[in-house]
Amino acid sequence: MPLRVVFADDNFLMREGMTALLAEVDGIDLVGTATDAATLLALVDELAPDAVLTDIRMPPTHTKEGIDAARLIRSRHPQVGVVVLSQYVEEDYAFELLADGVAGRGYLLKERVTDLAELGRALREVAGGGSVLDPLVVEALLARRAAETPLLGLTDREREVLREMATGRNNAAIATTLFMSDRAVEKHIGSVFQKLGLVDEHAVNRRVSAVLAYLEASGSAR
């Protein structure tokens, strides 16, 4: 069955463009659009979609209505995945989105939405309870804590693997991206978890959780 999606953005051209883009993604059915957070929440209550794609900045304040809506949706409808779109890398918003859990949540830059394969993958990932973070967001989050002792203990290669893990890629995808063997990827992942003290992590979103558990334990810089 197609993945049922609701999209929210107050910009008319963005809504029209996204409607056209989603129509090109196999297995995606756009069942509703909203121009503000209140309408988005009402549509989710009414339509019970599989996933939501929403801008961060919407009326009335154009600050973080999309983040607040995403957290409410996940609280009210745990079966609905949410991908938040942002024009820029905003680490504080990423932390806020993921503060009470990473399952079923994603944070992507708007520049990624023209990659239909990536957009479809992100929506399916969160709809299935997984997590997706834009690589640039992951890099920014890691940079905030680069001076902390646990990260200093990682080799350059382990840092690269950690970054790829946090974007939601599986071992095979990491191996392809970093030109490594599957066995080498497994070895580096084991070393990363060991050095960060996350060897007992068993969450379904293990790769994203590994990064965020460490970052949140360190405390976000403000």
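Residues numbered from 1 in each chain as written. Predicted model: local features only at pLDDT ≥ 70, side-chain atom pairs only at ≥ 80, totals over all residues. Heavy atoms only, no water.

Chemist: Looking at this model, I keep getting lost on the overall build of the protein chain. Mind explaining?
Modeler: A tally of regular secondary structure across the protein chain gives 11 helices and 6 strands. By residue count, 46% of the 222 residues in the protein chain fall in the buried class. Across the protein chain, every contact between residues at least 6 apart in sequence was considered, and the portion connecting residues at least 24 apart equals 67%. (Helix = DSSP H or I, 4+ residues; strand = E, 2+ residues; numbered from the N terminus. Buried < 20%, exposed > 50% of the residue type's maximum accessible area, 1.4 Å probe, protein only. Contact = heavy atoms within 4.5 Å.)

Chemist: What is the right way to look at the confidence of the model for the protein chain in this model?
Modeler: Within the protein chain, residue pLDDT values average 84, and 82% of them lie at 70 or more. Summarising per-element confidence for the protein chain, the mean pLDDT is lowest in helix H11 (residues 206-218) (56) and highest in strand E1 (residues 3-8) (98). Note that pLDDT drops below 50 for residues 201-205; the model gives that stretch 10 contacts with residues more than four away or on any other chain. In the model, residues 217-222 has pLDDT below 50 throughout and makes 13 contacts with residues more than four positions away in sequence or in other chains. (pLDDT = per-residue confidence, 0-100.)

Chemist: What should I look at first to understand unusual backbone geometry in this one?
Modeler: Peptide bonds are mostly trans, and most non-glycine residues show a negative phi. Pro 60 follows Pro 59 through a cis peptide bond whose omega is 10 degrees. Tracing the sequence through the fold places Pro 60 in the loop between strand E3 (51-55) and helix H3 (65-76). Located in the positive-phi region is Ala 48, a residue other than glycine, with phi close to 45 degrees. Relative to the helices and strands, Ala 48 resides in the loop between helix H2 (37-47) and E3.

Chemist: I keep staring at the nonpolar core and nothing clicks. Help me out?
Modeler: Taken as a class, soluble globular proteins show a tendency for nonpolar side chains to be buried jointly. Counting residues in hydrophobic clusters, the biggest one holds 28 residues, and the most contacted among them are Leu 40, Val 52, Ile 73, Val 84, Leu 97 and Tyr 107. Secondary-structure elements contributing two or more residues to this core are E1, H2, H3, strand E4 (81-86), helix H4 (91-98) and helix H6 (135-144). With 5 residues, the single largest contributor to this core is H2. When residues no more than four places from it in sequence are discounted, the contact partners of Val 52 are Val 6, Leu 40, Val 44, Ile 73, Val 80, Gly 81, Val 82, Val 83 and Leu 123. Within the second largest apolar cluster, 18 residues are counted, among which are Leu 3, Met 18, Leu 85 and Val 132. (Core = buried A, V, L, I, M, F, W, Y, C linked by side-chain atoms within 4.5 Å.)

Chemist: I keep staring at the pairing of strand E2 (residues 28-34) and nothing clicks. Help me out?
Modeler: The side chains of a regular strand alternate, residue by residue, between the two faces of the sheet. Summarising the sheet, E1 and E2 pair through 6 bridges and their orientation is parallel. Residue pairing across strands places Arg 4 opposite Asp 29, the latter belonging to E2. Remark: the E1/helix H1 (residues 12-23)/E2 crossover connection has right-handed handedness. (Pairing = 2+ DSSP bridges. Right-handed = clockwise from strand over helix to strand, strands pointing away.)

Chemist: Before we go on, may I ask you to explain the packing of helix H9 (residues 171-178) against helix H10 (residues 182-195) in this structure?
Modeler: Between two packed helices, what matters for the description is the angle formed by their axes and the separation of those axes. The interhelical angle for the contact between H9 and H10, taken along N-to-C directions, is 105 degrees, at an axis separation of 9 Å. Taken together, H9 and H10 sit at an angle that is classed as roughly perpendicular. Contact residues: Asn 171, Ala 172, Ile 174 and Ala 175 in H9; Asp 182, Val 185, Glu 186 and Ile 189 in H10. In terms of residue class, the contact of H9 with H10 is made up of 5 nonpolar, 1 polar and 2 charged. (Axes fitted to C-alpha atoms, helices over the stretch in contact; angles between N-to-C directions. Parallel < 35°, antiparallel > 145°, perpendicular 65-115°, else oblique. Nonpolar A, V, L, I, M, F, W, Y, C, P; charged D, E, K, R; others polar.)

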